[in-house]
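Residue strings, one per chain:
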Amino acid sequence: MKKSSITKKVLVLAICCILACTAVFACLYIKLGNDNHKEDNAEILVDLNELEKTAYNSVANSKLDALIVKIKNSDTDNYNDSKNKIIIFYLISVAFICIVFVVVYTVVLKPFKELENFASELSKGNLDIDLKYNRVNMFGEFTWAFDHMRSELKKSREREQEAVENNKTIIENIAGMQRADGGWSITGNYADVDVTSMVLQALAPNYEICKELIDAGVELLSSKQLEDGAFSSYGVKNTESTAQVITCLSALGIDCARDPRFVKNSCSVLDGLKQFRLEDGSYSHKENDAYNGTATVQVFYSMIAYVRMAEGKTGLYLLDMAAKKRIQYGEGENGVGKEVFPRIIHDH
């Protein structure tokens, strides 16, 4: 992988700092040389002029020579000492700059680059990559949190995959229990309306996976509908079977009030349900029977399922409030007619 742009910028910055430091110390070095030579020449000339006035014998000349040598040696020593100091300070400065940038790279840039590479692998879906981290550096806690997130994502993916596999197994088991007529039952070789409706409610979220199973079950329910719109179970026309069909069709997005497959003799499933309604608004198990709590409860949640379907919301057992596609009165091929929706509220 190529070096990141940040690493390149920091490397360029380090080189620029070293070059700037070199330029500064070079100027000092040159200036020191020029200043020392000028001072040396000026001092020597002054001393020579003074000594010439008093130099009348060999002793004076000897002193003059000694003084000249002393001054030259002193200036040379001072110049060399200053030059050495500049060189030493320059080397120390360059070393300090290098150390600073090495520390910055080790403590900041390298962990950041590892995080960048790690994030890149995660974006590709690779959750098996490990991220080494050291909590003592400035990215320690953040790196640990990043790796912990990766670990949790991996566990979540494994749980999701496990759920998918379990879902497939359940669907396969349900498919193996399907009767020859396309429906399901607890016992016997022929389908039961209640059990078939409940199975289809469970399969509804997986329509794309088990389309054939569901379509066969819907056909079976359509064939089992009575001429008055209601449904029966084990030869008895009843509320619960009719309510279960409404709940089932609503989960599949099928409008039981308008879909021609579920309108017999101009009677829809909703019309069939009206037969079991009592004067106080409750429902009986059979027509012209007494109040039944189970029947009333099932009618109530079947109406909730139908209304949610009509409003484009999710099914009865997926109670989020987001509407996928709102069905308006009288609009669209599968819309709910104006004459139907108020009647649902009033009658049920």
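Now for a look at the structure at hand. (Residues numbered from 1 in each chain as written. Predicted model: local features only at pLDDT ≥ 70, side-chain atom pairs only at ≥ 80, totals over all residues. Heavy atoms only, no water.)

Moving on, we come to the overall build of the protein chain. Along the protein chain, the regular secondary structure elements total nine helices and four strands. Ordered by position from the N terminus, the helices and strands of the protein chain form the series α-α-α-α-α-β-β-α-β-β-α-α-α. Within the span of the protein chain, comprising 348 residues, buried residues form 34% of the whole. On the protein chain, roughly 21,600 Å² of surface is accessible, and the fraction owed to carbon and sulfur atoms is 59%. (Helix = DSSP H or I, 4+ residues; strand = E, 2+ residues; numbered from the N terminus. Buried < 20%, exposed > 50% of the residue type's maximum accessible area, 1.4 Å probe, protein only. Areas by Shrake-Rupley, 256 points an atom, 1.4 Å probe, with all protein chains shown as cover.)

With that settled, the discussion passes to the packing of helix α6 (residues 239-251) against helix α8 (residues 293-310). Axis separation between α6 and α8 bottoms out at 8 Å; the angle between their running directions is 20 degrees. With respect to each other, α6 and α8 are oriented roughly parallel. Taken as a pair, α6 and α8 cross one another with a handedness that is left-handed. Residues Thr239, Glu240, Ala243, Gln244, Ile246, Thr247 and Ser250 of α6 form the contact with α8, whose participating residues are Thr294, Ala295, Gln298, Val299, Tyr301, Ser302, Met303, Ala305, Tyr306 and Met309. Its residues assigned to classes, the contact of α6 with α8 comprises nine nonpolar, seven polar and one charged. (Axes fitted to C-alpha atoms, helices over the stretch in contact; angles between N-to-C directions. Parallel < 35°, antiparallel > 145°, perpendicular 65-115°, else oblique. Left-handed = near helix turned anticlockwise from the far one by under 90°. Contact = heavy atoms within 4.5 Å. Nonpolar A, V, L, I, M, F, W, Y, C, P; charged D, E, K, R; others polar.)

What follows deals with a nonpolar patch on the surface. A grouping of Leu11, Ile15 and Leu19 is seen on the molecular surface, where their side chains present a nonpolar patch of about 290 Å² in accessible area. With respect to the helices and strands, isoleucine 15 occurs in helix α1 (residues 5-54). (Patch = residues over 30% accessible without salt bridge, like charges linked within 9 Å, V, L, I, M, F, W, Y side chains within 5 Å. Salt bridge = Lys/Arg side-chain N within 4 Å of Asp/Glu carboxyl O.)

Here the focus is the packing of aromatic side chains. Per the counting criterion, the structure on display carries zero aromatic pairs. Lying over the aromatic face of phenylalanine 262, lysine 264 brings its terminal NZ or CZ to 5.9 Å of the ring centre. (Phe/Tyr/Trp six-rings, centres within 6.5 Å; stacked < 30°, edge-to-face > 60°. Lys NZ or Arg CZ within 6 Å of the ring centre and 35° of its normal.)

Attention now moves to unusual backbone geometry. Positioned with a positive phi, serine 266 is a non-glycine residue whose angle comes to about 65 degrees. By the secondary structure assignment, serine 266 is in the loop between β3 (263-264) and β4 (267-268). Even without glycine at this site, asparagine 288 takes up a positive phi of about 60 degrees. Tracing the chain through its elements places asparagine 288 in the loop between α7 (269-274) and α8. The class of asparagine 288 is exposed, set by a relative accessible area of 76%.

Here the focus is the nonpolar core. Counting 36 residues, the largest nonpolar core has Trp184, Leu203 and Ile246 as its most contacted members. Every element with two or more residues in this core is listed here: α3 (140-176), α4 (193-203), α5 (211-224), α6, α7 and α8. Excluding residues that lie within four positions of it along the chain, leucine 203 makes contacts with Ile171, Ile174, Trp184, Cys210, Leu213 and Ile214. (Core = buried A, V, L, I, M, F, W, Y, C linked by side-chain atoms within 4.5 Å.)

Attention shifts here to the pattern of salt bridges. Here the structure, examined in full by the defined rule, presents six salt bridges. One salt bridge in this structure joins lysine 211 and aspartate 215, with 2.9 Å as the shortest N-O distance. With lysine 211 and aspartate 215 both in helix α5 and four residues apart, the pair spans about one turn of that helix. By relative accessible area, which is 41% here, lysine 211 ends up partly exposed. Judged by its relative accessible area of 25%, aspartate 215 falls in the partly exposed class. The salt bridge involving lysine 313 is made with glutamate 311; its shortest N-O contact spans 3.3 Å.

The first and last C-alpha atoms of α6 sit 18 Å apart over 13 residues, in line with the 18 Å expected at 1.5 Å per residue. Among the 13 residues in α6, twelve count as buried, and that is most of the element. For α6, the set of buried residues is Thr239, Glu240, Ser241, Thr242, Ala243, Gln244, Val245, Ile246, Thr247, Cys248, Leu249 and Ser250. Where the residues of α6 are buried, they touch α4, α5, β1 (231-233), β2 (236-238), α7 and α8. (Expected span 1.5 Å × (residues − 1).)

Turning our eyes to something else, we now look at α5. Think of an α-helix as 3.6 residues a turn; residues three or four steps apart then line up on the same face. Relative to the 20 Å expected for 14 residues at 1.5 Å per residue, α5 spans 20 Å between its end C-alpha atoms, a close match to the ideal helical length. Considered for burial, the residues of α5 that qualify are Leu213, Ile214, Gly217, Val218, Leu220, Leu221 and Ser222.

A few words on the packing of α4 against α6. Their axes nearest at 9 Å, the elements α4 and α6 cross at an angle of 20 degrees. Of the possible angle classes, the one that applies to α4 and α6 is roughly parallel. Handedness of the crossing formed by α4 with α6: left-handed. Here Val193, Asp194, Ser197, Met198, Leu200 and Gln201 of α4 come into contact with α6, specifically with Glu240, Ser241, Gln244, Val245, Thr247 and Cys248.

As for its placement among the helices and strands, serine 185 is situated in the loop between α3 and α4. Given the relative accessible area of 10%, serine 185 is considered buried. Within the local environment of serine 185, its side chain forms a polar contact with the side chain of arginine 179, the two groups lying 2.9 Å apart. Here tyrosine 190 takes part through its backbone oxygen, which lies 3.1 Å from a polar atom of the side chain of serine 185. Beyond its immediate stretch of four places on either side in the chain, serine 185 contacts Arg179, Tyr190, Ala191, Asp192 and Val195. (Polar contact = N/O pair within 3.5 Å; in protein donor to acceptor, adjacent residues only side chain to side chain.)

A word on the environment of isoleucine 174. Tracing the sequence through the fold places isoleucine 174 in helix α3. Filtering out sequence-adjacent residues up to four positions away, isoleucine 174 remains in contact with Trp184, Val199 and Leu203.

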